[in-house]
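# Structural description and commentary
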Amino acid sequence: MTTRVGYERLRQVRRAMLGGLSGTVVEVGAGEGRDLADLPGSADWIGIEPSSRARRRLAEKAAARGFRAPLAARAEALPVADGSIDVVLAVVALCSVDDLDRALNEARRVLRPGGRLVFLEHVAAPAGSGLRVLQRAATPVTAALDRNCHLARDPLAAAARTGFTTVSVDRYDVTGRVPGIAWPFVMYEGAISPARH
Ligand SMILES: C[S@@+](CC[C@H](N)C(=O)[O-])C[C@H]1O[C@@H](n2cnc3c(N)ncnc32)[C@H](O)[C@@H]1O
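The text that follows walks through the structure, step by step, so that each part is easy to find. (Residues numbered from 1 in each chain as written. Predicted model: local features only at pLDDT ≥ 70, side-chain atom pairs only at ≥ 80, totals over all residues. Heavy atoms only, no water.)

## Regarding the overall build of the protein
- When helices and strands are counted, the protein shows 5 helices and 7 strands.
- Of the regular secondary structure in the protein, the N- to C-terminal order runs β-α-β-β-α-β-α-β-α-α-β-β.
- Taken over the C-alpha trace, the protein has a radius of gyration of 16 Å; the compact-globule value for 197 residues is 16 Å, and the two agree within 12%.
- The principal-axis extents of the C-alpha atoms in the protein amount to approximately 45 × 40 × 30 Å.
- Buried positions account for 48% of the 197 residues belonging to the protein.
- Contacts in the protein between residues at least 24 apart in sequence constitute 67% of all its contacts with a sequence separation of at least 6.
- About 9,500 Å² of surface is accessible on the protein, with carbon and sulfur atoms providing 52% of the total.
- If you average the places of the 27 positive and of the 21 negative side-chain charges in the protein, the two averages end up 2 Å apart. (Helix = DSSP H or I, 4+ residues; strand = E, 2+ residues; numbered from the N terminus. Rg over C-alpha atoms; globule rule 2.2 N^0.38 Å. Buried < 20%, exposed > 50% of the residue type's maximum accessible area, 1.4 Å probe, protein only. Contact = heavy atoms within 4.5 Å. Areas by Shrake-Rupley, 256 points an atom, 1.4 Å probe, with all protein chains shown as cover. Lys, Arg positive; Asp, Glu negative; His and termini not counted. Charge placed at Lys NZ, Arg CZ, Asp CG, Glu CD.)

What follows is the structure in structure tokens.
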């Protein structure tokens, strides 16, 4: 089921998602640290951010919250030991990675048994829809101008391909930014079943 919401409601959903995380949390594409204020202070946060410009601001915010300094790395090659992480987190970051499948395979590698992949991402509109056509047409521009942002990705399908099973999935059509357009978002939690770990 898909819920139609505005951006303020989506912000509340994001905050609740972040507030529920615990343990060692690897955040890929952490940007300038928008999420840090909403993570529990007890979390052991490991921020991954390739942009040196974003990372400077991220490092300041991390220090202010008592989190460790972020790492200059990419989601496709995490400088983290196998099976050592409780949560791999992405918030509008899987749209920006260079290789979605490699990034999710890395998430799988670093998660401990029972660990979770958690993401909140804008996703591809249904195949055949006008919005999907628009997303595809606009992606060369957004990828070039907005931090490699790809508008028509399907991280749910990629998570399934990588071997994650769905723990929960909530779909949102988010209105209020571009008149007449409801932008599809997905909040997802997935795990690798012990048999496949
Ligand atoms: C749209 S921003 C989102 C930032 C942050 N998560 C937020 O919600 O504000 C996407 C981020 O992913 C980063 N990024 C781009 N390619 C990446 C990669 N291969 N691995 C990890 N992060 C990447 C960008 O530098 C950017 O900071």
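## A look at the site of the ligand
- With respect to spatial proximity, 16 residues lie near the ligand, and among them Gly 29, Arg 34, Glu 49, Ala 75 and Val 91 are the closest.
- Residue Arg 74 places a side-chain N or O atom 3.2 Å away from a nitrogen atom belonging to the ligand.
- With respect to the ligand, the side chain of Glu 76 contributes an N or O atom lying 2.9 Å from a nitrogen atom.
- Taking 600 Å² as the accessible area of the ligand by itself, protein coverage stands at 92%.
- The class makeup of the residues in the shell around the ligand is 6 nonpolar, 4 polar and 6 charged. (Near = heavy atom within 4 Å. Polar contact = N/O pair within 3.5 Å; in protein donor to acceptor, adjacent residues only side chain to side chain. Nonpolar A, V, L, I, M, F, W, Y, C, P; charged D, E, K, R; others polar.)

## What to know about the packing of aromatic side chains
- Taken as a whole and assessed by the stated rule, the structure comprises 3 aromatic pairs.
- Positioned above the aromatic ring of Tyr 7 is the side chain of Arg 177, whose terminal nitrogen or guanidinium carbon lies 3.8 Å from the ring centre. (Phe/Tyr/Trp six-rings, centres within 6.5 Å; stacked < 30°, edge-to-face > 60°. Lys NZ or Arg CZ within 6 Å of the ring centre and 35° of its normal.)

## Quick word on the side chain of His 122
- With respect to the helices and strands, His 122 occurs in strand β5 (residues 111-122).
- Leave out the neighbours within four places in its chain, and His 122 touches Val 92, Cys 95, Cys 149, His 150, Leu 151, Trp 183, Pro 184 and Phe 185.

## Regarding the pairing of β5
- Pairing of strand β4 (residues 85-91) with β5 involves 6 bridges; the strand directions are parallel. Counterpart to Leu 89 in the pairing with β5 is Val 118.
- Since β4 and β5 lie parallel, the crossover through helix α3 (residues 100-110) that links them has a hand, and here it is right-handed.
- Across 7 bridges, the pairing between β5 and strand β7 (residues 183-192) is antiparallel. Each bridged residue has a counterpart across the sheet, and for Leu 117 the counterpart in β7 is Gly 190. (Pairing = 2+ DSSP bridges. Right-handed = clockwise from strand over helix to strand, strands pointing away.)

## Notes on helix α2 (residues 52-65)
- Taking 1.5 Å per residue as the helical rise, α2 with its 14 residues ought to reach 20 Å, and the 20 Å between its terminal C-alpha atoms agrees with that figure.
- By the burial criterion, the buried members of α2 are Ala 54, Arg 55, Leu 58 and Ala 62. Seen along its axis, α2 keeps its buried residues to an arc of 90°; they face one direction. Facing away from the buried side of α2 by more than 90 degrees, the exposed set consists of Arg 53, Arg 56, Ala 63 and Ala 64. (Expected span 1.5 Å × (residues − 1). Arc of directions from axis to C-beta.)

## A look at unusual backbone geometry
- Positive phi, close to 50°, is recorded for Arg 147, a residue that is not glycine.
- Checked against the element boundaries, Arg 147 lands in the loop between α4 (130-145) and α5 (155-162).
- Here Asn 148, not a glycine, exhibits a phi torsion of approximately 65°, which is positive.
- Note that Asn 148 resides in the loop between α4 and α5.

The values are spatial; any link to function lies outside them.
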